[in-house]
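Observations on chain architecture
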Amino acid sequence: DAGITQSPRHKVTETGTPVTLRCHQTENHRYMYWYRQDPGHGLRLIHYSYGVKDTDKGEVSDGYSVSRSKTEDFLLTLESATSSQTSVYFCAISGDLLNTGELFFGEGSRLTVL
Amino acid sequence: AQKVTQAQTEISVVEKEDVTLDCVYETRDTTYYLFWYKQPPSGELVFLIRRNSFDEQNEISGRYSWNFQKSTSSFNFTITASQVVDSAVYFCALSRNRGYGNKLVFGAGTILRVKS
């Protein structure tokens, strides 16, 4: 199994509070991603990273920011959580597309915003 | 724009029945990759297969088989002799061979329930 750890795995917070989810990998993969999963939408890309300090937006990036200061860590921050951000968040990693390309996912972090 | 459609929201079958999960995609790229992932009730996402756009050969892995047809932009997944352990949400996904990384676009998923 790919070495990906997400923390926390479960979190309940209140509207307006900041939240940070952490993704840690031990595979030394270049690419890291944050997705959210919602019923009827499948998984949607929030942000991704293609190297240390190199990040870019996905299709649902509003209200989220990310940082990657080390190869192994990719942080997702909700500056001021809203109820619409209640979701399951998955971190993923991948190597070079031409070699493998498949994403390996963490176990998910369930966030509830009250 | 890229899009993946899994028209079947939920399918219920009885054990040992064959079942096909449909996946239709849209892309303007000539080179792209298609994927299937399984999400069992425990919640993790399990990679099943990757197929590139230049390889239209069907693939079989045990009870699983995949039918890729570029002419109809479809990448369907068949489970033969289904088992209760096949109960899961199945996602089809599409990526593009451009830019950085492998940014997958997922379908909404199909819930498969296999009853004993």
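Structure shown above.
Residues numbered from 1 in each chain as written. Chains lettered and ligands numbered in written order. Predicted model: local features only at pLDDT ≥ 70, side-chain atom pairs only at ≥ 80, totals over all residues. Heavy atoms only, no water.

Let's shift gears to the overall build of chain A. The helix and strand tally for chain A stands at 0 helices and 11 strands. Listing the helices and strands of chain A from first to last along the sequence gives β-β-β-β-β-β-β-β-β-β-β. Relative to the 2.2 N^0.38 estimate, which gives 13 Å for 114 residues, the radius of gyration of chain A is 13 Å and therefore close to what a compact globule would have. Counting only C-alpha atoms and orienting by the principal axes, one finds that chain A spans roughly 40 × 30 × 25 Å. Out of the 114 residues in chain A, the part that is buried amounts to 50%. Put simply, of all contacts in chain A between residues at least 6 apart along the chain, 54% involve residues at least 24 apart. Put simply, chain A shows about 5,400 Å² of open surface, and 46% of that area lies on carbon and sulfur atoms. Within chain A, the 14 negative side-chain charges are centred at a point lying 4 Å from the centre of the 11 positive side-chain charges. (Helix = DSSP H or I, 4+ residues; strand = E, 2+ residues; numbered from the N terminus. Rg over C-alpha atoms; globule rule 2.2 N^0.38 Å. Buried < 20%, exposed > 50% of the residue type's maximum accessible area, 1.4 Å probe, protein only. Contact = heavy atoms within 4.5 Å. Areas by Shrake-Rupley, 256 points an atom, 1.4 Å probe, with all protein chains shown as cover. Lys, Arg positive; Asp, Glu negative; His and termini not counted. Charge placed at Lys NZ, Arg CZ, Asp CG, Glu CD.)

Turning next to the pattern of salt bridges. In this structure the tally under the stated criterion is 9 salt bridges over all chains. For Lys70(A), the salt bridge is made with Asp73(A), and the minimal N-O distance between the two is 3.3 Å. Given the relative accessible area of 40%, Lys70(A) is considered partly exposed. Glu10(B) is the salt-bridge partner of Arg113(B), the closest N and O atoms lying 2.4 Å from each other. Here Arg113(B), found in strand E12 (residues 110-115), pairs with Glu10(B), found in strand E2 (residues 10-14); they are 103 residues apart in sequence, far enough to count as distant. (Salt bridge = Lys/Arg side-chain N within 4 Å of Asp/Glu carboxyl O.)

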